[in-house]
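Given next are the chains, with one letter for each unit.
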Amino acid sequence: MKLSILYVFLFLTSLYAYTTSIHAPAVLTNEFNGSLTLITLNLTSGNGNISIKGPYNVSLSTYESAQIAVSVATNYLNINRDMYNYTFYIHDNGANVSGPSAGLAMTLLTVAALENKQLYPYFTVTGIINPNGTVGLIGGVYDKVEAAKIGGMKYMLVPYTNDNFENLLYYLSQNTFNIPLIEVNNLTTALRYAFGNVSVKGMNYSIINESALSNNITNSIVSCTNCTNNLDNIIINVSFNLVNNVSNSISKNFSNIKSELAYQINQDKIFASHGYYYAAGDLAFLDFVDAFPFAFNNINKSITYSIFNYTNNLCNINYTIPNANNYEYVAGAELRLGWANYTITYSNLILSSAVDSDQFIEALYNLAPAIGWCSLSRALVSNASQISSKYYINESAIKRYLFNASKSIPNVKDEYTYAFNYLMEKQDYLGALYDLAYIKVFDTQSNLTNSEKYSFVIDHLNMSFNGVWPSQFASEAQFYIEQAQDTKNSSAYNVYVNNAYTTMLLAIYLNKYNNIITSNLTTQEPISNNYIYTNSYIDYIFYLLGAIIVILIVILIAIMYLVIKVSNLEGKYKKDYESKSHRRKR
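In this text, all values refer to a predicted model and were calculated from it rather than measured experimentally.

Here we come to the overall build of the protein chain. Counting its regular elements, the protein chain contains 19 helices and 17 strands. A buried classification covers 49% of the 586 residues belonging to the protein chain. Considering only intrachain contacts with a sequence separation of at least 6, the fraction spanning at least 24 residues in the protein chain is 81%. Carbon and sulfur atoms make up 52% of the accessible area of the protein chain, which amounts to about 28,600 Å² in all.

Here the focus is the packing of aromatic side chains. Per the counting criterion, the structure on display carries 31 aromatic pairs. Their ring planes at 50° and their centres at 4.9 Å tell us that Phe 254 and Phe 294 sit as a pair that is tilted. Here Phe 254, found in the loop between helix H7 (229–249) and helix H8 (255–273), pairs with Phe 294, found in the loop between helix H9 (277–291) and helix H10 (301–314); they are 40 residues apart in sequence, far enough to count as distant. Each member of the pair, Phe 254 as well as Phe 294, carries the same accessibility label: buried.

We now examine the environment of Tyr 454. Structurally, Tyr 454 can be placed in helix H16 (residues 450–460). Tyr 454 sits in the partly exposed class, given a relative accessible area of 22%. Taking the C-alpha atoms as reference, Tyr 454 lies 9.8 Å from Asn 494; in sequence the two are 40 residues apart. When near neighbours in sequence (up to four residues on either side) are disregarded, Tyr 454 contacts Ile 481, Gln 485, Tyr 493 and Val 497.

Further remarks concern the pairing of strand S11 (residues 181–184). The sheet contact formed by strand S10 (residues 155–159) and S11 spans four bridges and is parallel. Within S11, the residue paired with Pro 159 across the bridge is Val 184. Assessed by its sense of winding, the connection that carries the chain from S10 through helix H5 (residues 164–177) to S11 is right-handed.

Moving on: the environment of Thr 228. Here Thr 228 is to be found in the loop between strand S12 (223–225) and H7. For Thr 228, a relative accessible area of 32% translates into the label partly exposed. It is 9.6 Å that separates the C-alpha atoms of Thr 228 and Asn 325, two residues lying 97 residues apart in sequence. What Thr 228 contacts, discounting residues up to four positions off in sequence, is Tyr 329 and Val 468.

Turning our attention to unusual backbone geometry. Although it is not a glycine, Asn 78 sits at a positive phi angle of roughly 60°. For Asn 78, the location among the structural elements is in the loop between helix H2 (60–77) and strand S5 (84–90). A relative accessible area of 72% places Asn 78 in the exposed class. Positive phi outside glycine occurs at Asn 116, with the angle close to 55°. Residue Asn 116 is classed as partly exposed on the basis of its relative accessible area, which comes to 44%.

On inspection of all chains with the given rule, the structure shows two salt bridges. Across the pair Glu 115 and Lys 117 runs a salt bridge whose closest N-O atoms are separated by 3.7 Å. Measuring nitrogen to oxygen at the nearest pair gives 3.5 Å for the salt bridge that ties Asp 428 to Lys 426. A residue is classified by how much of its surface remains accessible, and Asp 428, at 0% relative accessible area, is buried. Note on Lys 426: relative accessible area 30%, which makes it partly exposed.

Moving on: helix H6 (residues 187–194). Along H6, the residues classified as buried are Leu 187, Thr 189, Ala 190, Leu 191 and Ala 194. Of the surrounding secondary structure, the elements contacted by the buried residues of H6 are H2, helix H3 (103–114), strand S7 (123–125), strand S9 (135–136), S10 and S11. For H6, the capping residue at the N-terminal end is Asn 186, with a side-chain oxygen 3.3 Å from the backbone nitrogen of Thr 188. Downstream of H6 by a residue or two, Gly 196 has a phi angle that is positive, lying close to 75°.

Turning our attention to the environment of Lys 53. Note that Lys 53 resides in strand S3 (residues 50–53). A relative accessible area of 43% places Lys 53 in the partly exposed class. Put simply, Lys 53 and Ile 39 are 14 residues apart on the chain and 9.9 Å apart in space, counted from C-alpha to C-alpha. When sequence neighbours within four positions are dropped, the list of residues in contact with Lys 53 reads Thr 87, Phe 88, Tyr 89 and Ile 90.

Once that is clear, we can look at the packing of helix H11 (residues 327–352) against helix H12 (residues 357–384). Interhelical geometry of H11 versus H12 gives an angle of 160° and a closest axis separation of 8 Å. Considering their axes alone, H11 and H12 lie roughly antiparallel with respect to each other. Remark: the crossing between H11 and H12 carries left-handed chirality. For the contact of H11 with H12, the per-class residue count stands at 21 nonpolar, seven polar and two charged.

What follows deals with a nonpolar patch on the surface. The grouping of Ile 548, Ile 551, Leu 552, Ile 555 and Ile 559 at the surface amounts to a nonpolar patch, some 460 Å² of accessible area in total. Relative to the assigned elements, Ile 548 resides in helix H19 (residues 537–585).

Our focus in this paragraph is the state of the cysteines. Cysteine pairs can be covalently joined through their sulfur atoms, and such a bond is termed a disulfide. Enumeration according to the criterion identifies two disulfides in this entry. Each disulfide pairs two cysteine sulfurs, and for Cys 224 the partner residue is Cys 227, the sulfurs being separated by 1.2 Å. Paired by a disulfide, Cys 315 and Cys 374 hold their sulfur atoms 1.9 Å apart. A torsion of 105° about the S-S bond marks the disulfide between Cys 315 and Cys 374 as right-handed. Taken as a pair, Cys 315 in the loop between H10 and strand S13 (319–320) and Cys 374 in helix H12 lie far apart in primary sequence, 59 residues in all. Accessibility expressed as a relative area gives 15% for Cys 315, which makes it buried.

Thresholds, definitions, all that
- Residues numbered from 1 in each chain as written.
- Predicted model: local features only at pLDDT ≥ 70, side-chain atom pairs only at ≥ 80, totals over all residues.
- Heavy atoms only, no water.
- Helix = DSSP H or I, 4+ residues; strand = E, 2+ residues; numbered from the N terminus.
- Buried < 20%, exposed > 50% of the residue type's maximum accessible area, 1.4 Å probe, protein only.
- Contact = heavy atoms within 4.5 Å.
- Areas by Shrake-Rupley, 256 points an atom, 1.4 Å probe, with all protein chains shown as cover.
- Phe/Tyr/Trp six-rings, centres within 6.5 Å; stacked < 30°, edge-to-face > 60°.
- Pairing = 2+ DSSP bridges.
- Right-handed = clockwise from strand over helix to strand, strands pointing away.
- Salt bridge = Lys/Arg side-chain N within 4 Å of Asp/Glu carboxyl O.
- Polar contact = N/O pair within 3.5 Å; in protein donor to acceptor, adjacent residues only side chain to side chain.
- Axes fitted to C-alpha atoms, helices over the stretch in contact; angles between N-to-C directions.
- Parallel < 35°, antiparallel > 145°, perpendicular 65-115°, else oblique.
- Left-handed = near helix turned anticlockwise from the far one by under 90°.
- Nonpolar A, V, L, I, M, F, W, Y, C, P; charged D, E, K, R; others polar.
- Patch = residues over 30% accessible without salt bridge, like charges linked within 9 Å, V, L, I, M, F, W, Y side chains within 5 Å.
- Disulfide = S-S within 2.5 Å.

Right, dumping it as structure tokens:
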């Protein structure tokens, strides 16, 4: 009797089967479009066999994800995986399925099937599943969220990340398509939402990077020689205009971003009113960059290429000739165009290999600083063209200095070394000299403690700085020192002290380089294809025409002289000839 019962139990076990389904988004590679696919797991008694059916081709990475998913799920439930067979059906006939991004979806399916449960039918999930049960990042989230919205999903689970751009991408996708995204970092967290038993709230995002900044500051005390307030005003006006323009373009789906921008610009105006022009302009610039992607609805290939072309045109700038009174304008413009070229080149590389809309957004995000830098460069060049002097910069001497200094540049590949090489190749030596300051500051490690950095900044605040750029960086150093003094947060204190130290070092190097520039002046106006002639352009044309007229007059006089000389010679030869003929006749 007992033997019969055992046979019946084994027979019933062999007939065990349970089926459950989940929606999983995918990206149609190179079509910049997403699709929502139904994945079904058929769990039967067996020996641990795992298979995937449906598509005409399934990549090895997808098979490996299924293996990991089953392993993680059975370990989570403490079940022997070899008691069952796992057949995943991907209901997308004719598809070529590749990639590991369905790993978390298959793990949730396996847990649900083993527990005889059905997953909530109106959610979707994407993410890699790691052997330890954590969730890994994926690509194509923008296209996948769009597919989820079209497919009628109520919410979507995505991998947790602390990367600022990835969070921006999540939030941009969530609010563009109006579907909540929930970040999960492991299987346990994902399971809370998989059965639809908890309330769902979408993620938040803020562009305020320095929310702890205090308005409780004194006026800047930095002393500046050979300075003009006009350059300060240019920095402020360009930065604030960038923020205002992008704010006016932000979609109603991102009203919180628009509100934050309004708050930020008001705070920055307070900083500027105390003389911290560069600090205020720098903060406004960063806000512009962070908010830029939110100014577009439903970002696509066409929009990104349109902005790419716009940026290229914006950055196509000819410089005016640097002289003793406008060289800081020209140097600042050249420097920022060097940086802009780096970001444009990087964005172009992203676009040339893009396979999903995430990369269009990444390219767009990287174009934002180039737009900001080139906008400032145009304003600087425009003002520089109106400032004249009888003294010009001896750039041959600057070139020799840069050549010697370049021998000690650290072997680091970043935007500063890229810009330096680019500017040297273009013979933009003033911009390269300014860029050298950034290389020395950011590519050289400091062994000072925060206490020593703090003292270093305080000790140098009483320096007299030559020129607007070094004085404004020194002023920014004072700004961050006062922020450090005002905060009660130790982490914020460390950030502010490091910012103060960095900006003071930049001030010192730029002060040194301004002294080098002003010690190499000449009365000879340089001729270079890199420059346009602005103030003296018309005069140059008149001088050129005058020189041509003088040359023509000289040539005409010479010709007349030769004609007269030849005529006289001919007359003389004729008389001599007649005289000789007469003697012969006689």
